[in-house]
Amino acid sequence: MTCWRGLALAAALLGAGLAGAATAAPFGIEVRFLGAPLGAAPRSAVNEAARRVSALIASPFEPVRVNVPAGECDRGLPALRGRLTRLVVFVRVKRLDDDLYATGMPCDLHDGSFLPIYGVVDLNSAGLSDLPRTDVLDTMIHEFLHVLGVGTLWERDARVSVSGAQDDRVFLKRQGKVTLYVAPRALSAFRALGGQGAGIPLDPDRGHWAGEAVCSEVLSGSSGDYTGRLNPVSPLTLGALEDLGYRVQAGGAAPFRLPVGACPVQADTPAVPAGGFASCAAAREAGAALPLRRGQPGYRPGLDGDGDGLACEP
Ligand SMILES: [Zn+2]
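By the naming in an unreviewed UniProt entry, the protein chain goes by Peptidase and is assigned to Deinococcus radiotolerans.

What follows is the structure, encoded as structure tokens:
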């Protein structure tokens, strides 16, 4: 799935507090780097994204023997041979279109479960070295979810296993000009959050939640507009993983609310304490886009030493 990002530059956000619990997950993602060398910081963000996405899954990867010739899934990929016990993801750094940030997709699917055996993420080498670690991490979480099948295995034609079997489950339904997601787990999560209608509205690409329906959610069509922060993995995306056939970790979803009215622009900072953040470290910890502007949730004059209306400037 091709993922476009807004061109708006993120306000410089220094390494946000990323104290994610790296519990031993039964499901493993094995990253294999390809292409242009990646610096230590983005490399560690890619590995952390793999850990975070693995930690959402409670069912093990089904071991499988493969013998895939080079270039079968995509041009330039190496051969893949032997017994896999983790989901292999080739992460390739290469030059993509300027306004394209990354792409991610699964390759072969298991027989029976129709879950991915391996996949590929392409990261745009242009500008990558200037990108805050938070944005690399957020993007890679999004792309790894695509590799697992969220947004990439929703169309019936995409769900064909290695031996050619077709999965008949229905995930999408056309309603006028809009495509709705109708598979049961994500849909019931949407309803539980107060979502209305016959399904979850999707982006025109049919591989992301509609931006106006979920704003900054990690798999939102607008997620690329929300930079400098980690976008939430909502119960919708967790439900979508279940609909694909994964068991998910209870409590794996981040706190999330559906928007009332229009989406805020870079301002729906999660969990802003009444009266503003206690400190800039606390704002960073919460994933706030910095600096905070006067009038924005979380801003308070005490954090704006020079009184210029911008708090927690780098
Ligand atoms: Zn995407």
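Caption draft 1: Fine view of the pairing of strand β8 (residues 172-175). Across 4 bridges, the pairing between β8 and strand β9 (residues 178-181) is antiparallel. Note on β9: the bridge partner recorded for R174 is T179.

Caption draft 2: The sheet that holds β9, seen in detail. Taken together, 3 strands build an open sheet; the order of strands is β8-β9-β10 and the sheet is antiparallel. Both outer strands of the open sheet, β8 and β10 (200-201), are each paired with one neighbouring strand and no more.

Caption draft 3: Here's a closer look at helix α5 (residues 235-244). For α5, a buried count of 9 out of 10 residues is recorded, marking the element as mostly surrounded by other parts of the structure. By the burial criterion, the buried members of α5 are P235, L236, T237, L238, G239, A240, L241, D243 and L244. On its buried side, α5 packs onto α2 (133-148), α3 (184-192), β10 and α4 (211-214). Looking at the residues trailing α5, positive phi occurs at G245, about 120 degrees.

Caption draft 4: Highlighting the nonpolar core. Among the nonpolar cores identified, the biggest contains 66 residues, and A49, V53, V89, F144, A186, I200 and L241 are the most heavily contacted of them. At the level of secondary structure, the elements contributing two or more residues to this core comprise α1 (40-54), β5 (87-94), β6 (100-106), β7 (118-124), α2, α3, α4 and α5. Here this core gets 8 residues from one element, more than from any other, and that element is α2. The residues contacting I200, other than those within four sequence positions of it, are L180, Y181, A186, L187, F190, G195, W209, A213 and L236. Listed in part, the 10 residues of the second largest apolar core include F277, L290, L292 and Y299.

Caption draft 5: Region of interest: the packing of α1 against α2. Where α1 contacts α2, the two axes come as close as 8 Å, and the packing angle between them is 45 degrees. When the axes of α1 and α2 are compared, the pair comes out oblique. Crossing angle aside, the handedness with which α1 passes α2 is right-handed. Between α1 and α2, the residues in contact are A41, P42, A45, V46, E48, A49, A50, R52 and V53 and R133, V136, L137, M140, I141, F144, L145 and L148, respectively. Here the residues of the contact of α1 with α2 sort into 14 nonpolar, no polar and 3 charged.

Caption draft 6: How the structure looks around the pairing of β7. Across the 7 residues that make up β7, a large majority, 7, are buried. Here β7 shows a buried face lined by Y118, V120, D122 and N124 and a second buried face lined by G119, V121 and L123. Bridge analysis of β5 against β7 gives 7 bridges, and the strand direction is parallel. Bridging across to β7, K94 finds its partner in N124.

Caption draft 7: Representation of the environment of A311. Along the polypeptide, A311 turns up in strand β12 (residues 310-311). Measuring from C-alpha to C-alpha, the distance between A311 and L290 comes to 7.6 Å, with 21 residues separating the pair along the chain. Here A311 is in contact with P291, L292, Y299, L303 and D304, once residues within four sequence places are set aside.

Caption draft 8: Seen up close, α1. Taking 1.5 Å as the rise per residue, α1 with 15 residues should run 21 Å; its terminal C-alpha atoms sit 21 Å apart, in good agreement. Residues P42, A45, V46, A49, A50, R52, V53 and S54 constitute the buried set of α1. Taken together, the buried residues of α1 touch β2 (29-35), β5 and α2.

Caption draft 9: Focus on the confidence of the model for the protein chain. This prediction gives the protein chain a mean pLDDT of 87; 88% of its residues lie at or above 70. Across residues 6-23 the pLDDT falls below 50, and counting only partners more than four positions away or on other chains, this stretch makes 31 contacts in the model.

Caption draft 10: Representation of unusual backbone geometry within the structure. Despite not being glycine, F114 shows a phi value in the positive range, around 60 degrees. Structurally, F114 can be placed in the loop between β6 and β7. Phi angles above zero are rare outside glycine, and R206 is one such case at about 60 degrees. Structurally, the position occupied by R206 is in the loop between β10 and α4. Classification of R206 as partly exposed rests on a count of 18 C-beta atoms within 10 Å.

Rules behind the numbers
Residues numbered from 1 in each chain as written. Predicted model: local features only at pLDDT ≥ 70, side-chain atom pairs only at ≥ 80, totals over all residues. Pairing = 2+ DSSP bridges. Helix = DSSP H or I, 4+ residues; strand = E, 2+ residues; numbered from the N terminus. Buried ≥ 20, exposed ≤ 12 C-beta atoms within 10 Å, placed from the backbone. Contact = placed C-beta atoms within 7 Å. Core = buried A, V, L, I, M, F, W, Y, C linked by C-beta atoms within 7 Å. Axes fitted to C-alpha atoms, helices over the stretch in contact; angles between N-to-C directions. Parallel < 35°, antiparallel > 145°, perpendicular 65-115°, else oblique. Left-handed = near helix turned anticlockwise from the far one by under 90°. Nonpolar A, V, L, I, M, F, W, Y, C, P; charged D, E, K, R; others polar. Expected span 1.5 Å × (residues − 1). pLDDT = per-residue confidence, 0-100.

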